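Report on the structure
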Amino acid sequence: MASVASLVEGMLRGETLALARLITLVEREGPEAAEALRLCAPYGGKGYRIGFTGPPGSGKSTLVDAMTARLRQGGKEGAPRVGIVAVDPSSPFTGGALLGDRIRMEQHYADPGVFIRSMGTRGGHGGLPDVTQRVATLLEASGKEYVLLETVGVGQTELDVMEVADTVVVVLVPEAGDMIQTMKAGLMEIADVFVVNKADREGAERLAKEIEGSLRLGHPREGNWMAPVVLAQARTGAGVAEVAAAVAAHRGAMEESGELERRRSKRRTSQFLKTVEQRMSRSLHELIASDGELQAMVERIQRGETDPYSAALQVLGDTSVLRRWIARLEE
Ligand SMILES: Nc1nc2c(ncn2[C@@H]2O[C@H](COP(=O)(O)OP(=O)(O)O)[C@@H](O)[C@H]2O)c(=O)[nH]1
Ligand SMILES: [Mg+2]
């Protein structure tokens, strides 16, 4: 087994296999992941992260593919390198779409300037944003100027992409009810750029107008940015240049206003705090599950014999419990 340091060296030399193995390491957790990220830190932070989110089937993968082809300019010398992180939805309905993704992406597999990684939604203990964050860091350290992230935006998951991306592109389709779904899923608030994809279908213009209307009613985003709405047909490539231009405009505006640096520094701080929090909470849960004294207390709480609030404070004030917790943390 190659050492983490030699894998990082290999990755910096441009070895794809070393990068792939490092990604596998950081997808898991533990000391090797920490070492890999620490060694990569000096080379990171140079890539631009674009997140694509929206309902399943709206054309995110097709758009990511078209954007990649555009960025790569047919693999020309000096074209920006691209890393793609596609989060495989665990839903059984998307199996076919994933196969589609694979076929579509095949043209890029042969391009050494493109690295594609698919991930399951399970993630490590930390969950998807944390794993994606670490993978994106590695991709950037390996010299990818762009990292494109695809996640399904339904329920709460769409918020994930915001924690990772510099620019969030929300991809919608002109189907009836899409607007309501979008509002319900909280996608209105997180979009930096809206794409109404499948503009070859009925209702695209109407949806675009609806979005623009409700954006005018809402508050402008940070740095006075108003999310533009772009009509596209990812499958034919129509409108993809306009999507790229909208992303570039958002980037420019954020760089100018200082918002980009604010976003990134907030992201770094929250990554730190979340990791500490998760480790502490995980070891606490392990302790409670295995400690006889604490188990007995939990049972009294379950039976309603002990008040949960005062029990919590009692545990926090008990140095012998805290010592056992610290011992777990150190394991
Ligand atoms: N009619 C139409 N279909 C499209 C367009 N873009 C993508 N599709 C199709 O929509 C389906 C779902 O696309 P996909 O990119 O896998 O969606 P994802 O689930 O959001 O990643 C595929 O069959 C695509 O070929 C478009 O502009 N017009
Ligand atoms: Mg997809």
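Residues numbered from 1 in each chain as written. Chains lettered and ligands numbered in written order. Predicted model: local features only at pLDDT ≥ 70, side-chain atom pairs only at ≥ 80, totals over all residues. Heavy atoms only, no water.

Moving on, we get to the coordination of the magnesium ion (ligand 2). Around the magnesium ion (ligand 2), the protein contributes the donor atoms Ser 61 (OG) and Glu 150 (OE), at 2.1 Å from the metal centre. One end of the pair, Ser 61, is in helix H4 (residues 60–72); the other, Glu 150, is in strand S4 (residues 146–152), and 89 residues separate them in sequence. Given the relative accessible area of 8%, Ser 61 is considered buried. A relative accessible area of 12% means that Glu 150 is categorised as buried. (Donors = N, O, S within 2.8 Å, 3.2 Å for Na, K, Ca; no water. Helix = DSSP H or I, 4+ residues; strand = E, 2+ residues; numbered from the N terminus. Buried < 20%, exposed > 50% of the residue type's maximum accessible area, 1.4 Å probe, protein only.)

The first and last C-alpha atoms of helix H12 (residues 259–290) sit 46 Å apart over 32 residues, in line with the 46 Å expected at 1.5 Å per residue. Within H12, burial applies to Glu 259, Leu 260, Arg 263, Arg 264, Arg 267, Ser 283 and Leu 287. (Expected span 1.5 Å × (residues − 1).)

This part is about a nonpolar patch on the surface. A grouping of Phe 272, Leu 273, Val 276, Met 280 and Leu 329 is seen on the molecular surface, where their side chains present a nonpolar patch of about 440 Å² in accessible area. Residue contributions to the nonpolar patch peak at four residues, all from H12. The residue Met 280 is located in helix H12 in this model. Judged by relative accessible area, which is 34%, Met 280 ranks as partly exposed. (Patch = residues over 30% accessible without salt bridge, like charges linked within 9 Å, V, L, I, M, F, W, Y side chains within 5 Å. Areas by Shrake-Rupley, 256 points an atom, 1.4 Å probe, with all protein chains shown as cover. Salt bridge = Lys/Arg side-chain N within 4 Å of Asp/Glu carboxyl O.)

Another point: the pattern of salt bridges. Overall, the coordinates contain 18 salt bridges when judged by the stated rule. Here Arg 263 ties to Glu 259 by a salt bridge, and the two come within 3.7 Å at their closest N and O atoms. Of the two residues, Arg 263 and Glu 259 are both situated in helix H12; the distance of four residues between them amounts to about one turn of the helix. Classification of Glu 259 as buried rests on a relative accessible area of 8%. The network of salt bridges with common partners includes Asp 192, Glu 259, Arg 262 and Arg 263.

Let us now look at the pairing of strand S1 (residues 48–54). With seven of seven residues buried, S1 lies mostly within the body of the structure. The two faces of S1 match: Tyr 48, Ile 50, Phe 52 and Gly 54 on one face and Arg 49, Gly 51 and Thr 53 on the other face are all buried. The pairing of S1 with strand S5 (residues 167–172) spans four bridges and is classified as parallel. If you follow Thr 53 over to S5, its bridge partner there is Val 170. (Pairing = 2+ DSSP bridges.)

As a further point, take the packing of helix H2 (residues 16–27) against helix H3 (residues 31–40). Packing of H2 against H3 leaves a shortest axis separation of 8 Å and a crossing angle of 125°. By the angle between their axes, H2 is oblique relative to H3. Where H2 crosses over H3, the handedness of that crossing is left-handed. Note on element contacts: H3 touches H2 through Glu 32, Ala 33, Ala 36 and Leu 37, opposite Leu 22, Leu 25 and Val 26. In terms of residue class, the contact of H2 with H3 is made up of six nonpolar, no polar and one charged. (Axes fitted to C-alpha atoms, helices over the stretch in contact; angles between N-to-C directions. Parallel < 35°, antiparallel > 145°, perpendicular 65-115°, else oblique. Left-handed = near helix turned anticlockwise from the far one by under 90°. Contact = heavy atoms within 4.5 Å. Nonpolar A, V, L, I, M, F, W, Y, C, P; charged D, E, K, R; others polar.)

Attention shifts here to the environment of Ser 281. Structurally, Ser 281 is set in helix H12. On a C-alpha basis, the gap between Ser 281 and Leu 329 in space is 9.6 Å, while along the polypeptide they are 48 residues apart.

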